[in-house]
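# Examining the three-dimensional arrangement
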2 protein chains.
Amino acid sequence: MANNTDGQTKRTSTFREKMIFAEQYCAKNDLQFTPVRRKVLELLLKSDRALGAYELLDLLREVGFKPQPPVAYRALEFLIKYGFAHKVEHLNAFVACIHPGKEHSPAFMICRSCDSVSEMDTLRSDSMLAENLISQGFKVEEAVIEARGLCEACADVEVK
Amino acid sequence: MANNTDGQTKRTSTFREKMIFAEQYCAKNDLQFTPVRRKVLELLLKSDRALGAYELLDLLREVGFKPQPPVAYRALEFLIKYGFAHKVEHLNAFVACIHPGKEHSPAFMICRSCDSVSEMDTLRSDSMLAENLISQGFKVEEAVIEARGLCEACADVEVK
DNA sequence: GATAAGATGTTATATCGTAACATCCTATAG
DNA sequence: CTATAGGATGTTACGATATAACATCTTATC
Ligand SMILES: [Zn+2]
Ligand SMILES: [Zn+2]
Ligand SMILES: [Zn+2]
Ligand SMILES: [Zn+2]
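Thresholds, definitions, all that
Residues numbered from 1 in each chain as written. Chains lettered and ligands numbered in written order. Predicted model: local features only at pLDDT ≥ 70, side-chain atom pairs only at ≥ 80, totals over all residues. Heavy atoms only, no water. Pairing = 2+ DSSP bridges. Helix = DSSP H or I, 4+ residues; strand = E, 2+ residues; numbered from the N terminus. Axes fitted to C-alpha atoms, helices over the stretch in contact; angles between N-to-C directions. Domains from an automatic or database assignment. Contact = heavy atoms within 4.5 Å. Buried area = accessible area lost by both parts, 1.4 Å probe. Polar contact = N/O pair within 3.5 Å; in protein donor to acceptor, adjacent residues only side chain to side chain. Nonpolar A, V, L, I, M, F, W, Y, C, P; charged D, E, K, R; others polar.

Strand order in the open sheet formed by six strands is β4(A)-β3(A)-β5(A)-β5(B)-β3(B)-β4(B), and the pairing between neighbours is mixed. Each edge of the open sheet is held by one strand with a lone partner, namely β4 (117-119) of chain A together with β4 (117-119) of chain B. Going across the sheet, the axis of each strand differs from the next one's by a mean of 20 degrees, ignoring polarity. Here three bridges tie strand β3 (residues 107-111) of chain A to β4(A), and the two strands are oriented antiparallel to one another. Along β4(A), the bridge assignment pairs Met109(A) with Ser118(A).

Structure representation (structure tokens):
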């Protein structure tokens, strides 16, 4: 989680930074960062797994909302549209973006053992892929890359 | 479709080759290439779009089968397991593989205008991606790449 | 306080996918 | 020629994911 001495602090800090960024981005662009939208983003940021829409609905109910499915889907639609979250197609589930505000197509690493989902740090995959496909006559506008396998921690455990 | 003088012939030929390959592969490996499985593969091969499971069910009914959903899903499961077809996650739909028998993770180009789905010719994307992610400590076992954009034909039309 | 735009509440339903169990079909063994 | 076992299919019933459509509320602006 962190390469400083206190994982929790590091994580909380990152979480706060992301929430503040979303706050400011919305203010700047006349977008309403409403309670449901804020809470859904919070829940996604706090999870290291991708969360399904109905899972989010349950979590929202636990904190006092009484939402029907469209509420979750609309919040997710907003977060995805403005780059705060992504959908992981292979899981029909959703994650917070690790670098919101930067134009990019996401690439995910999904661990089959612990179900963790992490977004690639680099944005290189975009250009790699685009160049490759353009040579085949296809004009890429958006791409989804989802790799399944073992995360570092789970690979270490499986050393047998 | 073809760079010979008769697109239909070329396509039919490819279609036949793929069916014969499946036939022989199943015979060699003690797999049953049953009527439903054969028909589903035929339908996928003849389509340039990805087909949903319920769409396949309708098509099967048109040719005399009377299948319930599990029938289609089981045929697809078989075809995917042995490399004759892939699922396009972004569409919740299925396509025939263009190079069955070769171990690979598929990469798709999905046209937003005509809905055509084509699989990448090369298998390079596999190694590209794996190398990239391994450097981040993730061991890729399988990957899904789905690019959305414009196919060559539709890009030409949109020249405005 | 009227108006309009956007957000949310609510119902109902569409779409995608699977668990579970019955039945059939085809080997190969006794 | 049964028996029995495995794989394939038929069938019912449901679970999980997602959206259409319309009512209501909130907020900002005029
Ligand atoms: Zn991202
Ligand atoms: Zn893991
Ligand atoms: Zn393929
Ligand atoms: Zn096209």
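What follows concerns the domain arrangement of chain A. Buried accessible area, meaning the area lost when the parts come together, often serves as the stated size of an interface. Residue and element names in this part refer to chain A. Taken as a whole, chain A is organised into domain 1 (15-96) and domain 2 (107-157). The partner domain 2 presents nine residues to the 11 residues of domain 1 that form the contact. Summed over both sides, the interface between domain 1 and domain 2 buries roughly 770 Å², with carbon and sulfur atoms accounting for 63% of that surface. On inspection of domain 1 and its partner domain 2, the count reaches five residue pairs in polar contact (both at pLDDT 80 or more). Within the residue set of the side of domain 1 that touches domain 2, elements represented by two or more residues are β1 (85-88) and β2 (93-96). Residue contributions to the side of domain 1 that touches domain 2 peak at three residues, all from β1. The residue inventory of the side of domain 1 that touches domain 2, partitioned by class, reads five nonpolar, two polar and four charged.

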